[in-house]
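# Results of the structural survey
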Amino acid sequence: MSEVDLRVFADGDSLIEAAAQLFAEIAIASVAERGRFTVALSGGGTPQGLYQRLARPPYRDDIPWAHAHLYWGDERLVPPNDPGSNYAQAARTLIRHLPIPEENIHRAKGELSPHEAVQEYRRQLRRFLPPGSERFDLVLMGMGSDGHTASLFPGPVSPAESEEAVISVTAKYEGRPANRLTLTPLVFNNARNVVFLVAGANKAETLAAVFSGGYQPEKLPAQRIRPVEGRLIWLVDRAAARRVKPR
Ligand code: 6PG
């Protein structure tokens, strides 16, 4: 990887504060420049602290939430009130505390069949982000200890990834719901800003391999995320960064 913007923080609190500040800066600048802020949220445990922080002052008051449009980079195919739903988790930690219009919440419909959920999410994306002409202002991403990101898991790269904005996926990880849908690198790599949040010693070996193990996109899907024109920023705690070699 070249020109890595890797920012390492001493602990979880400073990581979360830096992520909240960056989120707010991008949101405020996007609304000032284009009148709205489009963001794809991530699932998993790591961003929940960020969501809780954004739901409190100053971020709750300073971010122009009325002009923010929330999407998800991936979703588990379970109903929206299931504790395993990425939407449900963000609703609990963030959305219900915000002054944001209901119509600005663009959740994937995990309660549908995989085929229907994918078709429906593609339609939602096209409404706001027509292919080729629009880009997410911000994509938040996490990384699993196996190198997956969003729901792009290790294994052969599906040809659909280079043709479609949304695909369905089945993958087992830490007992989480296995049927999922995910945006593809076509969308992620078109974003203006991609921010990874990674914490914990169990990610250290994988993170080091992502940065300095050579390009192995089938083994390390996080390496498939390479914005064409946008910024790629890694916010990482010291425990996760401890095996990354200084460049
Ligand atoms: C999901 C995610 C996923 C997540 C990683 C890391 O729906 O599960 O979007 O890609 O970011 O699994 O999860 P943790 O933050 O819990 O380690």
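One structure accompanies this document, and this report is about it. Small disclaimer: the values here were computed from a predicted structure and weren't measured.

Moving on, we get to the pattern of salt bridges. Under the criterion given, the structure shown has 14 salt bridges. The shortest N-O distance in the salt bridge between Arg60 and Asp61 comes to 3.5 Å. On the basis of relative accessible area, Arg60 is assigned to the partly exposed category, the value being 30%. Glu205 is paired through a salt bridge with Arg243; the nearest N and O atoms lie 2.5 Å apart. Of this pair, Glu205 sits in helix 7 (residues 204–212) while Arg243 sits in the segment after helix 8 (238–241), and the two are 38 residues apart along the sequence. Take Arg243: its relative accessible area is 42%, and that puts it in the partly exposed class. Among the ionic contacts, a cluster of salt bridges with common partners joins Glu33, Arg34, Asp137 and Arg192.

Okay, the site of the ligand next. Residues in contact with the ligand amount to 17 residues; listed here are only the nearest, Gly45, Thr46, His148, Ala150 and Arg176. A distance of 2.6 Å separates an oxygen atom of the ligand from a polar side-chain atom of Arg176. For the shell around the ligand, a count of residues per class yields three nonpolar, nine polar and five charged.

Within the largest apolar cluster, 74 residues are counted, with the highest numbers of intra-cluster contacts made by Phe23, Leu41, Phe136 and Trp234. A per-element tally of this core places helix 1 (residues 12–34) first, with eleven residues. Judged by nonpolar contacts, the second largest core, of five residues, contains Phe153, Ile167, Ala171 and Tyr173.

What follows covers the sheet that holds strand 7 (residues 179–183). Read from one edge of the open sheet, three strands run 4-7-6, paired in antiparallel fashion. Strands at the two margins of the open sheet, each flanked by one partner only, are strand 4 (74–76) and strand 6 (166–170). Geometrically, the sheet is characterised by an average inter-axis angle of 20° between neighbouring strands, direction not taken into account. Across five bridges, the pairing between strand 6 and strand 7 is antiparallel. Paired with Val169 across the bridge in strand 7 is Arg180. Here helix 5 (residues 114–128) sits on the sheet and contacts strand 6 and strand 7; the angle it forms with strand 6, its principal contact strand, is near 150°.

Following both chains from N to C, one finds helix 1 and helix 2 (residues 46–54) inclined at 60°, their axes separated by 9 Å at the closest point. Overall, the two elements helix 1 and helix 2 adopt an arrangement that is oblique. Helix 2 is crossed by helix 1, and the crossing has right-handed handedness. Seen from helix 1, the contacting residues are Ile16, Glu17, Ala19, Ala20 and Phe23; seen from helix 2, they are Thr46, Gly49, Leu50, Arg53 and Leu54.

Further remarks concern the environment of Val198. In this structure, Val198 sits in strand 8 (residues 193–198). For Val198, a relative accessible area of 0% translates into the label buried. Sequence separation between Val198 and Ser14 is 184 residues; the distance between their C-alpha atoms is 13 Å. With residues up to four places along the chain from it excluded, the contact list for Val198 reads Leu15, Met143, Lys203, Trp234, Leu235, Val236, Asp237 and Ala240.

Below, the discussion takes up the packing of helix 2 against helix 4 (residues 86–93). The contact between helix 2 and helix 4 brings their axes to 8 Å, and the two run at 35°. The two elements helix 2 and helix 4 cross, and the hand of that crossing is right-handed. Note on element contacts: helix 4 touches helix 2 through Gln89, Ala90 and Thr93, opposite Gln48, Tyr51 and Gln52. Here the residues of the contact of helix 2 with helix 4 sort into two nonpolar, four polar and no charged.

About the cut-offs
Residues numbered from 1 in each chain as written. Predicted model: local features only at pLDDT ≥ 70, side-chain atom pairs only at ≥ 80, totals over all residues. Heavy atoms only, no water. Salt bridge = Lys/Arg side-chain N within 4 Å of Asp/Glu carboxyl O. Buried < 20%, exposed > 50% of the residue type's maximum accessible area, 1.4 Å probe, protein only. Helix = DSSP H or I, 4+ residues; strand = E, 2+ residues; numbered from the N terminus. Near = heavy atom within 4 Å. Polar contact = N/O pair within 3.5 Å; in protein donor to acceptor, adjacent residues only side chain to side chain. Nonpolar A, V, L, I, M, F, W, Y, C, P; charged D, E, K, R; others polar. Core = buried A, V, L, I, M, F, W, Y, C linked by side-chain atoms within 4.5 Å. Pairing = 2+ DSSP bridges. Axes fitted to C-alpha atoms, helices over the stretch in contact; angles between N-to-C directions. Contact = heavy atoms within 4.5 Å. Parallel < 35°, antiparallel > 145°, perpendicular 65-115°, else oblique. Left-handed = near helix turned anticlockwise from the far one by under 90°.

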